[in-house]
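# Observations on the three-dimensional arrangement
These are the residues of each chain, in order.
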Amino acid sequence: MKIGITCYPTYGGSGAVATALGLALAERGHEIHFITYDQPFRLPGFKERVFYHEVEMEDYPLFEHPPYSLALAVALHDAVKREGLDLVHMHYAIPHAASAFLAREMLGEGRDLKIVTTLHGTDITLLGLHPSFHEITRFSILQSDGLSAVSSFLRDETVCNFSVPRDGIEVIPNFLDTDLWRPEPDLNRLSMLAPHGEKVVMHVSNFRPVKQVHHVVEIFAKISQATSARLVLIGDGPERPRALQRARDLGLGDKVLFLGKHVAVEELLACANLFLLPSASESFGLAALEAMACGVPVVASTAGGIPELVQNNVSGYLFPSDAIDEMAEAGIRILTDEALEERLSLGGREATTRRFDKEIVIPEYEALYESVTSST
Ligand code: GMT
């Protein structure tokens, strides 16, 4: 098939999933056209059957907010006509699904365009609920020919928040390549992260408020009172200054390493002994899945779809998102009991290879495409 993919190219789970999906589909023989305003952060250089179309935006003194949704509609319309795409797959409903609808209208009567939309998280749980977005989000969900949500939790939220039919939404979880995300630490990197043999506690995110990175720092502060450990923070975003300040206030000094945005996170994750994800809201939690694939026990919140991947006492421990003391205690247990760390590490890796490997999940997207393109 010839498939157009639109996602946010910035550091974040929906862009990571969309890019991994496009690359995996190309490996399986499909032709993939990424249509985005910038090169997706996990999209490498040249790959066979993979093309990148940049959405061109014209600035104008009248615009305080340039109308990206329109420029995207034009880019989609153009790509469909020039490349003969069979369908476009929109990741994150706002505004992508509405732009795809516009592109389809622009094609007119003679040309049908199938639209698949994957709901990722805050498009449904936060942003889409705002009165300025709610009706257009509902409309573009209903106008999509195929819909997927990344967890059962998110499907239920969509049905409840937007009054749309439940049976039209497939649950297709986040996935990864378990050959790439592996529990094999590079000893050189490990010695740089933990030069004195400390345990490595890790967190990866885009540092948005929902991630509660200040909680990560507080949990770590308690852990470091009980055992020798370092906290490695990967990613960047609006909450970084607050987290940095919290680390300073708690006197954590060089026990906390801020590494900023890294693309090859898998190289670092395998060095960790514990992954923290105390999010206030999380439709799935791709970062936790990446940790599990690398054999890293997870201590996380029970928010949203996290319990659909992290199993209590199998791959980690789950608590309410503000339970800092309980999360710290669980972290200390894991870091001071090698047999427990090993058991949770194996449990996470096993769950990942069994349910979340790309070989299992990509066919679920292909089946969705088939059902959409074969329907009239
Ligand atoms: O919905 C968002 O906040 C955007 C998105 C992103 O780009 O980071 O994150 C969501 O999509 C990921 C991929 O499907 C999920 O793993 C994340 O759990 C989800 N984030 C939230 O729900 C906060």
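Residues numbered from 1 in each chain as written. Predicted model: local features only at pLDDT ≥ 70, side-chain atom pairs only at ≥ 80, totals over all residues. Heavy atoms only, no water.

## Structural notes on the overall build of the protein
What counts here: Every helix listed is a DSSP run of H or I at least four residues long, and every strand listed is a run of E at least two residues long, numbered separately from the N terminus. The contact definition used throughout considers only heavy atoms, calling two residues in contact when any of these lie within 4.5 Å. Positive: Lys, Arg. Negative: Asp, Glu. His and the chain ends are not part of the count. To locate a charge, take NZ of a lysine, CZ of an arginine, CG of an aspartate or CD of a glutamate.
Regarding its fold elements, the protein presents 14 helices and 13 strands. C-alpha extents for the protein along the principal axes are approximately 70 × 45 × 40 Å. Residue pairs in contact within the protein that sit at least 24 positions apart in sequence constitute 70% of those at least 6 positions apart. Of the charged side chains in the protein, 32 are positive and 51 negative, and the gap between their average positions amounts to 2 Å.

## Notes on the domain arrangement of the protein
So the rule is basically this: Annotation comment: domain bounds sourced from an automatic or database domain assignment. Once two parts are brought into contact, the accessible area they lose, counted with a 1.4 Å probe and summed over both, makes up the buried area. Here a salt bridge means any side-chain nitrogen of Lys or Arg lying within 4 Å of a carboxyl oxygen belonging to Asp or Glu.
Considered domain by domain, the protein is made up of domain 1 (2-175 + 357-374) and domain 2 (187-355). Between the C-alpha centres of domain 1 and domain 2 there is a distance of 30 Å. Tallying the contact residues gives 23 residues for domain 1 and 24 residues for domain 2. Between domain 1 and domain 2, a total of about 1700 Å² is buried, with carbon and sulfur atoms accounting for 56% of that surface. Of all residues in domain 1, the largest losses of buried area upon contact with domain 2 belong to Tyr11, Arg42 and Asn174, amounting jointly to 39% of the total for that side. Where domain 1 meets domain 2, there are 2 salt bridges.

## Some points on the pattern of salt bridges
Per the stated rule, a full pass over the model turns up 23 salt bridges. Of the charged contacts in the structure, one is a salt bridge between aspartate 78 and arginine 82, with a shortest N-O distance of 2.7 Å. Note that aspartate 78 and arginine 82 are positioned in helix H2 (residues 68-83) at a spacing of 4 residues, about one turn of the helix. A salt bridge links lysine 358 to aspartate 177; the shortest N-O distance between them is 3.7 Å. One end of the pair, lysine 358, is in helix H14 (residues 358-374); the other, aspartate 177, is in the loop between strand E7 (169-171) and helix H7 (187-193), with 181 residues separating them in the sequence. Several salt bridges share partner residues, and in doing so they unite Glu27, Asp177 and Lys358 into one network.

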